[in-house]
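Structural overview
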Amino acid sequence: MDTELGFSFMLSMRVATIALLVVTVPGLALAWLQARRRYPGKVLVDGLVLLPLVLPPTVVGYFLVVLFGRRGFLGPSLESLLGLSVIFTPTAAVLASAIVALPLLVKTAQPAIENVPVELEQVASSLGLSPVALFFRVTLPAAWRGILAALVLAFARALGEFGATLMFAGHIPGKTNTMPLEIFAAYQSGNDSLALTYVVVLTGLSLLVVTVAARMSPGTSNR
Amino acid sequence: MTLANDTTLDARFTLTVGSPSNPFCLEAQFQLDRGLLVLFGPSGAGKSLTLAALAGHISPQEGLITLAGQPLVDTRRSIHVAARDRRIGLVPQHNSLFPFRDVRGNVTFGLPRDQRRSRNDVVESLMDELGIAHLADARPDALSGGERQRVALARALAVRPQLLLLDEPFASIDDAGRRALQDILQSILKDHGIPAVFVTHDVDEARRMGQQVVLFERGRTTRQGRPRDILGIDRKVSITGQVVEEVEASGADGGDATQTIRLSSATLTGPRDSLEANEQGQLHIQAELPLKG
């Protein structure tokens, strides 16, 4: 049982970490785009980014199955071209977690980037900085607290992902059984003490992560 | 189109910003040969927007901007040089310093890493000239408003710009500090031979700073010329043998408020903010047109 718990814990951590790595670059790019640029269809993009946050995760899972399933839109071509089958694999768990974590990342990082005075970026670009250099040398150092908080919250959300993961990755012991799925399985089979163990571990971990994020948030610092 | 060879900056462009229901249209046309050009006008007349177009942070819809003979913007030929390739220094009014760097880090920010050492002498002498050498290790939030703007100026000059843009740089600094900074700026620009465009809505500052003044009114440049021709003359006049008998204000505060000053053998009437008298019989007259004689 201990090894099962250990496996599940490590799998959850791995899935959440990779999901975070997957969403960091597109998430921060989206946050920057929404904070700094005006373009046609911006409101629509805003809505699409928020969608995974407001939809039931099962709906997100359903979309993923429709896209990547064996008879989905992309699934067959991925399988024939690259020999990849995503559904019911740890990769599916990563994708599901990444998509539900994205809105939290974008919506927390966006105001942090908006708060960076636009004059600083103008001065920097007049001093010859490229857009990428500008992000790393001005925006990031000026907004790092908010961006770190966004990453931490996204990680916590990825760690706790259940609905979309169950639909898309399934509950396969030894393969896709992350902690949230294990809680449900243990509870269903009447193993209340095992469920409680997972609940305590997951609650403690999330509390730690969210406390760290709260301390990092701009406005709550002791400056 | 012919231009005199000594024209440094030539700008003639239009641009529209804001929402379709509430647009702001800017129509700008002016030249800078050498020295310092003042863009003068009330707030919201389009001065800062003009500066943003010169810097390359906003693109004109139509027109051209050339700097030292090279086009920065030419809408007919679809030329829009990016801000980072213009070699134009920028000193904003607010939020001018990078808060996460000390003073030296701010001044050297625009220098490529491999030049920071080789150009150390230049940086040191710039910081000396601007009187900020002793603040090299200070953080921006520990500086006064005047010190911050000195650092911002040093940072812009360290990369040897072709042109310097200053957007009301001394607006939030007290009078004495502003005078000192105006003098320092003028002597530095002269020593380094860097042309500059200076935005202000303060008529005294416009008079002190500009060799040339461009007047902005409601999104348009209406006139360009010497400060005395554009802004009129600010002159204190003593009238001997006259005693101020009565000073009478009429009209509400604002545009049409007038002031009437009765002297022993004459009466002066004019807008309240351009006519003042003190008890010694000294009159302060701001004239729209140059006074003859």
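Since the structure is predicted, the reported quantities are computational estimates derived from the model, not experimental observations.

For the rest of this paragraph, the subject is the overall build of chain A. Of the regular secondary structure elements, chain A holds 10 helices and zero strands. Reading chain A from its N terminus to its C terminus gives the helix and strand order α-α-α-α-α-α-α-α-α-α. Each of the 223 residues in chain A was classed as buried or not, and the buried ones make up 43%. For chain A, the proportion of contacts with a sequence separation of at least 24, taken over those separated by at least 6, is 70%. Split by element, the accessible area of chain A, about 11300 Å² in all, is 70% carbon and sulfur.

Ranked by size, the top nonpolar core spans 92 residues in total, and within it L9, F30, L39, L54, L165 and V197 of chain B carry the most contacts. Core analysis: the second largest hydrophobic core is formed by 42 residues, A152, L153, L166 and L215 of chain B among them.

Residues and elements named next belong to chain A. In this structure, the largest pocket encloses a volume near 1000 Å³. For the largest pocket, the lining is made up of 28 residues, of which W32, R36, R37, E121 and L134 are closest to its centre. The set of elements that each furnish at least two residues to the lining of the largest pocket consists of α1 (2-36), α6 (118-126) and α7 (131-159). Of all the elements, α7 adds the most residues to the lining of the largest pocket, at seven residues. A class-by-class count of the residues in the lining of the largest pocket yields 15 nonpolar, eight polar and five charged.

For the coordinates displayed, the defined rule picks out 12 salt bridges over all chains. A salt bridge links K107 of chain A to D46 of chain A, with the nearest nitrogen and oxygen atoms 2.9 Å apart. Here D46 of chain A lies in helix α2 (residues 42-54) and K107 of chain A lies in helix α5 (residues 90-114), a separation of 61 residues in the sequence. Classification of K107 of chain A as partly exposed rests on a relative accessible area of 27%. Put simply, R178 of chain B and D175 of chain B hold a salt bridge, and the shortest N to O gap is 3.7 Å. Taken together, the residues R178 of chain B and D175 of chain B, both in helix α6 (residues 175-192) and three residues apart, mark about one turn of the helix. With relative accessibility at 57%, the residue D175 of chain B sits in the exposed group. A cluster of three or more residues bridged by salt bridges with shared partners is formed by D175, R178 and D202 of chain B.

Turning our attention to the pairing of strand β1 (residues 9-19) of chain B. Residue and element names in this part refer to chain B. Examined bridge by bridge, β1 and strand β2 (residues 22-32) share 11 bridges and lie antiparallel to one another. Residue pairing across strands places V17 opposite F24, the latter belonging to β2. Connecting β1 to the next strand, β2, in antiparallel fashion are two residues. Where β1 lies against strand β4 (residues 62-67), six bridges are found, and the strand directions are antiparallel. Residue pairing across strands places D10 opposite T66, the latter belonging to β4.

The next thing to look at is empty space enclosed by the protein. Residues and elements named next belong to chain A. A full pass over the atoms with the stated rule returns three cavities of 30 Å³ or more. Reported here for the largest cavity is a volume of approximately 40 Å³. Along its surface, the largest cavity is lined by S12, V15, S97, A158, L159, E161, T165, T178 and P180. Elements with a minimum of two residues in the lining of the largest cavity: α1 and α7. For the lining of the largest cavity, the class distribution of residues is four nonpolar, four polar and one charged.

Residue position: L153 of chain B is located in helix α5 (residues 145-158). Leave out the neighbours within four places in its chain, and L153 of chain B touches V91, L130, L164, L166 and L185 of chain B.

With that settled, the discussion passes to the packing of α5 of chain B against α6 of chain B. Residues and elements named next belong to chain B. The N-to-C vectors of α5 and α6 enclose an angle of 10 degrees; their axes lie 11 Å apart at closest approach. Of the possible angle classes, the one that applies to α5 and α6 is roughly parallel. Mapping the contact onto sequence places G146, R150, L153 and L157 in α5 and A180, L181, I184, L185 and I188 in α6. In terms of residue class, the contact of α5 with α6 is built from seven nonpolar, one polar and one charged.

On the chain A side, the residues contacting the 20 residues of chain B number 17 residues. In total, about 1700 Å² of surface goes out of reach between chain B and chain A, with carbon and sulfur atoms giving 64% of it. Considering only the side of chain B, the residues that lose the most area to chain A are R84, F100 and F109 of chain B, jointly responsible for 34% of the buried surface there. Counting across the chain B and chain A interface gives zero salt bridges. The interface formed by chain B and chain A holds five residue pairs in polar contact (both at pLDDT 80 or more) in total. Along the lines of polarity and charge, the residues of the side of chain B that touches chain A split into 11 nonpolar, five polar and four charged.

With that settled, consider unusual backbone geometry. All names here are of chain B. Non-glycine residue R87 carries a positive phi angle of around 55 degrees. Positionally, R87 belongs in the loop between β6 (79-80) and β7 (88-91). Even without a glycine there, the phi angle at R160 is positive, about 50 degrees. One can find R160 in the loop between α5 and β8 (163-167).

With that out of the way, let us pick up α7 of chain A. The first and last C-alpha atoms of α7 of chain A sit only 32 Å apart over 29 residues, clearly below the 42 Å expected at 1.5 Å per residue. At W144 of chain A, α7 of chain A is bent by approximately 75 degrees, the largest bend along its length.

Throughout the structure, instances matching the rule amount to six aromatic pairs over all chains. Ring centres of F135 of chain A and F136 of chain A lie 5.5 Å apart, and the angle between their planes is 90 degrees; on these two criteria the pair is classed as edge-to-face. When its relative accessible area of 15% is taken as the criterion, F135 of chain A is described as buried. Judged by relative accessible area, which is 53%, F136 of chain A ranks as exposed. Here the aromatic cluster, defined as three or more aromatic residues joined through ring pairs, consists of F98, F100 and F109 of chain B. The residue whose ring lies beneath R137 of chain A is F109 of chain B, and the NZ or CZ to ring-centre distance is 4.1 Å.

The rules we used
- Residues numbered from 1 in each chain as written.
- Chains lettered and ligands numbered in written order.
- Predicted model: local features only at pLDDT ≥ 70, side-chain atom pairs only at ≥ 80, totals over all residues.
- Heavy atoms only, no water.
- Helix = DSSP H or I, 4+ residues; strand = E, 2+ residues; numbered from the N terminus.
- Buried < 20%, exposed > 50% of the residue type's maximum accessible area, 1.4 Å probe, protein only.
- Contact = heavy atoms within 4.5 Å.
- Areas by Shrake-Rupley, 256 points an atom, 1.4 Å probe, with all protein chains shown as cover.
- Core = buried A, V, L, I, M, F, W, Y, C linked by side-chain atoms within 4.5 Å.
- 1 Å grid on protein atoms, 1.4 Å probe; cavity = no way out; pocket = protein on both sides within 12 Å on 5 of 7 lines; lining within 4 Å.
- Points joined across faces, edges and corners; volume = space filled by probe spheres on them.
- Nonpolar A, V, L, I, M, F, W, Y, C, P; charged D, E, K, R; others polar.
- Salt bridge = Lys/Arg side-chain N within 4 Å of Asp/Glu carboxyl O.
- Pairing = 2+ DSSP bridges.
- Axes fitted to C-alpha atoms, helices over the stretch in contact; angles between N-to-C directions.
- Parallel < 35°, antiparallel > 145°, perpendicular 65-115°, else oblique.
- Buried area = accessible area lost by both parts, 1.4 Å probe.
- Polar contact = N/O pair within 3.5 Å; in protein donor to acceptor, adjacent residues only side chain to side chain.
- Expected span 1.5 Å × (residues − 1).
- Bend = angle between axes of the 7 residues up to and from the residue.
- Phe/Tyr/Trp six-rings, centres within 6.5 Å; stacked < 30°, edge-to-face > 60°.
- Lys NZ or Arg CZ within 6 Å of the ring centre and 35° of its normal.

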